[in-house]
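# Understanding the architecture of this molecule
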Amino acid sequence: MNFMSVFNKKMLGANYEKARKNLLVCLFLFWSLKMAEFHIVIGPFVLYLMSSMVTAGATWQAFSSVNNMEEMRHVLMMPACNWKVSLSYVVSVGIYAVVTVSAPLLAVVFAVANCSGMEILTSVLCVIHAVFMSACIYVYKKYRWLGILWIGLMLTVTYIGNQWDTLWFLLLINAVVSVGLLFVANVYDFIEKGNAKSNIHYSRKHHSICQYILRYLMSHKNYIVNTFAMWGVAILLPMLLGELGSGFVLPIGFAILTLNTPICILLSCDPSLEQAVRNMPGQMRRFILPYGFFIFICNSMADLIFLISWRVQIGDVSPVLMSVAFAFALLSAIGSVLLEWFCPLRNWKIESDLWHHPRKYVVPGMMMLLAGVVGVLLC
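Residues numbered from 1 in each chain as written. Predicted model: local features only at pLDDT ≥ 70, side-chain atom pairs only at ≥ 80, totals over all residues. Heavy atoms only, no water.

## Describing the overall build of the chain
Looking only at helices and strands, the chain features 17 helices and 0 strands. Here the chain holds 379 residues, and 47% of them are scored as buried. A total accessible area of about 19,700 Å² is found for the chain, and carbon and sulfur atoms account for 72% of it. (Helix = DSSP H or I, 4+ residues; strand = E, 2+ residues; numbered from the N terminus. Buried < 20%, exposed > 50% of the residue type's maximum accessible area, 1.4 Å probe, protein only. Areas by Shrake-Rupley, 256 points an atom, 1.4 Å probe, with all protein chains shown as cover.)

## Some points on the packing of helix H6 (residues 117-139) against helix H7 (residues 144-160)
Relative placement of two packed helices is described by the angle separating their axes and the distance separating the axes. Interhelical geometry of H6 versus H7 gives an angle of 160 degrees and a closest axis separation of 10 Å. One way to sum up the angle between H6 and H7 is to call them roughly antiparallel. When the axes of H6 and H7 are compared, the crossing they make is right-handed. Together, His129, Met133, Cys136 and Ile137 of H6 and Gly147, Trp150, Ile151 and Met154 of H7 make up the contact between the two elements. Of the residues in the contact of H6 with H7, the class split is 6 nonpolar, 2 polar and no charged. (Axes fitted to C-alpha atoms, helices over the stretch in contact; angles between N-to-C directions. Parallel < 35°, antiparallel > 145°, perpendicular 65-115°, else oblique. Left-handed = near helix turned anticlockwise from the far one by under 90°. Contact = heavy atoms within 4.5 Å. Nonpolar A, V, L, I, M, F, W, Y, C, P; charged D, E, K, R; others polar.)

## Structural notes on a nonpolar patch on the surface
Where nonpolar side chains cluster on the molecular surface, the patch consists of Trp83, Phe169, Leu170, Ile173, Val177, Leu181, Phe183 and Val184 and spans about 720 Å² of accessible area. No other element matches helix H8 (residues 164-184), which puts 7 residues into the nonpolar patch. Relative to the assigned elements, Phe183 resides in helix H8. Residue classification places Phe183 among the partly exposed residues on the basis of a relative accessible area of 39%. (Patch = residues over 30% accessible without salt bridge, like charges linked within 9 Å, V, L, I, M, F, W, Y side chains within 5 Å. Salt bridge = Lys/Arg side-chain N within 4 Å of Asp/Glu carboxyl O.)

## Topic: the nonpolar core
A general feature of soluble globular proteins is that nonpolar side chains tend to end up buried together. Of all hydrophobic cores here, the largest spans 47 residues; its most connected members are Phe63, Met72, Val90, Leu182 and Phe190. Elements that contribute at least two residues to this core include exactly helix H1 (2-12), helix H3 (44-63), helix H4 (66-76), helix H5 (82-112), H6, H7 and H8. Non-local contacts of Phe63, meaning those with residues more than four positions away in its chain, are made with Met69, Tyr89, Val90, Val93, Ala135, Tyr138 and Phe190. The next biggest cluster of nonpolar side chains, apart from the first, holds 30 residues, and it includes Tyr216, Val277, Ile295 and Val337. (Core = buried A, V, L, I, M, F, W, Y, C linked by side-chain atoms within 4.5 Å.)

## Some thoughts on the side chain of Asp303
Following the sequence through the fold, Asp303 ends up in helix H14 (residues 283-313). No salt bridge is formed by the buried Asp303; the nearest opposite charge belongs to Arg311, separated by 17 Å. (Lys, Arg positive; Asp, Glu negative; His and termini not counted.)

## So, the side chain of Asn22
On the secondary structure map, Asn22 appears in helix H2 (residues 17-36). A relative accessible area of 13% places Asn22 in the buried class. Ignoring sequence-local partners within four residues, the contact set of Asn22 consists of Val99 and Thr100.

## Concerning the packing of aromatic side chains
Scanning the model with the defined rule gives 10 aromatic pairs in all. Centroid distance Phe30 to Trp31: 5.3 Å. Interplanar angle 80 degrees. Geometry classified as edge-to-face. Of the residues examined, Trp31 reaches a relative accessible area of 51% and is grouped as exposed. Between Phe306 and Trp310, the ring centres sit 6.3 Å apart and the planes meet at 75 degrees, which makes this aromatic pair edge-to-face. Taken together, the residues Phe306 and Trp310, both in helix H14 and 4 residues apart, mark about one turn of the helix. (Phe/Tyr/Trp six-rings, centres within 6.5 Å; stacked < 30°, edge-to-face > 60°.)

Here's what the structure looks like:
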C-alpha cells in the first residue's frame, strides 16, 4: 500500500484531486446524455473490444511515460520484493488509466446504449483484464510476437464467446495468468534501457529542429503508433461515412484527422526544450516555421490517405475538395503551433495527461465548425 500511495499521488495528485475531478466529469457526462435521451445500438463484441483496447492503450501509454520510469527508479532504490513493487505499480497505473480514460468512455457508452447488467459487468471485467494483460505484455515485450499472438487469441475468444459464463471464465483465467506472470517478472523491465530524455539531447555545432523532432519521435514510439492509427482512421472513414455526399463528408473527415494530439504538444511535453526555444533568437524562423511545417506534413499525409481511400471505395474527388484538404491541413497546423506557443500545458504529472487534456479538442473543434460551413457551401 505504501508503494501504491507513492505511484497514485504521482499520477493522480497529492490529494487525489485528479481522480475526484475526472469522476465528477464522468457523472456529468452520464446524466447529461441520459437526460438527452439519445440512444445508439452497440453490439456486445464492439463494447467489449472498445473497453479492452482503450484501457490497454492508456495503460501502455502510462507505462511508456518517462516521468513514471523516473519515479520507478526512485522506488527501486528502496529495499523491497520485486513482486510487491511490480503489482503496486501495475495497480496504480491501472487505476490511473481507468479513471482518466476508461471511465469517461464507459460513462458515455452506458448513457447512450441500452446495455444490460451482464454487458456492463462484462465490460468492467474486460477493463480490469486489459490492465493486467497489457502490463504483462509490456514487461515481457522482448517476446513481442508471443504478445501479438496472445492478443489475437483473446480477440478471437471475445468474438466467439457467446455464453456469459464461458467468456467470464476465460477472462478470469487470462487475468490470473497475467498476474502470475507479473509475480515472476523482473521489475526492472518496466524501465526502458537508458533515459529517453537523455537520448534526444546531444551536442551539435548547428541546431536542427527537424532532426530534434525526428529523434524525439524515434525515442517515443507511441507517438508514431498514434500517427499510424490516424492513417488507419483515414482508410476507414469512407467506409463509415461514404453514404453521404462527398462535399459534406470530406471536410468533416479532414477535421477529424487533425486530432493527432502527440505531434501538437512537443513544447508542452518537454519543458527544457520550451525554455531553450523561448531564449533562442529568431524563434519564428528557427522553430515555429519548421514545427508548423512538420505538423502540416503529418496532416497532409492523413488527408492524402483519406482522399485515396475515398477514391478507391466511393468515387472521384474534385480538385476543389483537394484544395480544401490542403487548406484544412495548413489551417490546423497554424492553429496547433500558435496554441502550443501561446498556451503551452504546464503542471502536468505524466505525459499521458497531455494526451487527454481538453485543449486537444480546440483546433479540431474549430476545424469541425469550418467543415460545416464548407460542407453547406459545397452541397
